[in-house]
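Below, each chain spelled out in residue letters.
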Amino acid sequence: LYADPKWSKTMVGVSSRTDAPLWALELLRKFTIRYPDGQTFGKRTFTLQDVLEKKSTGADAEPLIEISYESKAKHFERLSQRTGVKFEDMLFLDNEYGNCEEISALGVTVVHCPGGVTSRQFESGLETFPSGDIVG
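Report follows, based on the coordinates.

Comments concerning the pairing of strand E5 (residues 91–94)
And step 1. Burial along E5 is one-sided: the residues Phe-92 and Asp-94 are buried and none of Leu-91 and Leu-93 is.
And step 2. Tracing the backbone out of E5, into helix H4 (residues 97–104) and back to the parallel element strand E6 (residues 109–112) gives a crossover that is right-handed.

Structure below.
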């Protein structure tokens with residue numbers, strides 16, 4: 001999503017339900033991802049924070065980050081309000097099935113990733129999108 005031009009107009013956000021929001025924000029800066037082969041752009045890795053800064057609602061916009069102990073539904077309501085994106089136009093990936101059920105009830109297409117997100121799970125979500133269903 002970060003390096004591939006076909007996703008240039010795609011927004012990316014984070015919803016994390018935690019009682020340690022400062023720690024979660026720090027993890028966004030520390031979670032490094034390797035560029036795909038042949039796409040180094042002068043460096044070998046980027047962070048999840050880099051993705052969120054580039055893939056929000058525009059160059060001047062704040063990254064789409066919702067980190068608090070509130071429900072994921074509250075996070076998604078705020079993300080939808082900020083971006084103008086309807087729930088049925090969103091794709092959500094999460095490792096906790098309860099979160100998947102809560103967000104699917106809003107009409108969001110959801111991918112359950114109990115072992116972490118893989119490219120196959122992401123592709124499966126895209127194949128199902130838009131459905132409002134839970135995949136995986």
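Having put the structure on the table, let's press on.
A few points about unusual backbone geometry
And step 1. The omega torsion across Phe-129 and Pro-130 is -15 degrees, close enough to zero to call that bond cis.
And step 2. Residue placement: Pro-130 occurs in the loop between helix H5 (119–128) and strand E7 (134–135).

A few points about the nonpolar core
And step 1. Ranked by internal contacts, the top residues of the largest apolar core, which has 13 residues, are Leu-28, Val-51 and Leu-52.
And step 2. Secondary structure elements with two or more residues in this core: helix H1 (21–30), helix H2 (48–54) and strand E4 (64–68).
And step 3. If one sorts the elements of this core by residue count, H2 sits on top with 3 residues.
And step 4. Beyond its immediate sequence surroundings of up to four residues, Val-51 is in contact with Tyr-2, Val-12 and Phe-46.
And step 5. Listed in part, the 9 residues of the second largest apolar core include Phe-87, Met-90, Phe-92 and Cys-100.

Here's the deal with the state of the cysteines
And step 1. Counted by the stated rule, this structure contains 0 disulfides.
And step 2. Considering cysteine sulfurs only, Cys-113 is the nearest to Cys-100, which forms no disulfide, with 7.1 Å between them.

With respect to the sheet that holds E7
And step 1. Across the sheet, 3 strands lie side by side as E5-E6-E7; this open sheet has parallel pairing. With partners counted over all chains shown, the strands left at the sheet margins are E5 and E7, one partner each.
And step 2. Docked against the sheet, H4 engages E5, E6 and E7, running at close to 170 degrees with respect to E6.
And step 3. Set on the sheet, H5 makes contact with E5, E6 and E7; between it and E6 the angle comes to about 155 degrees.

Reading guide: rules and limits
- Residues numbered from 1 in each chain as written.
- Predicted model: local features only at pLDDT ≥ 70, side-chain atom pairs only at ≥ 80, totals over all residues.
- Heavy atoms only, no water.
- Buried < 20%, exposed > 50% of the residue type's maximum accessible area, 1.4 Å probe, protein only.
- Helix = DSSP H or I, 4+ residues; strand = E, 2+ residues; numbered from the N terminus.
- Right-handed = clockwise from strand over helix to strand, strands pointing away.
- Core = buried A, V, L, I, M, F, W, Y, C linked by side-chain atoms within 4.5 Å.
- Contact = heavy atoms within 4.5 Å.
- Disulfide = S-S within 2.5 Å.
- Pairing = 2+ DSSP bridges.
- Axes fitted to C-alpha atoms, helices over the stretch in contact; angles between N-to-C directions.

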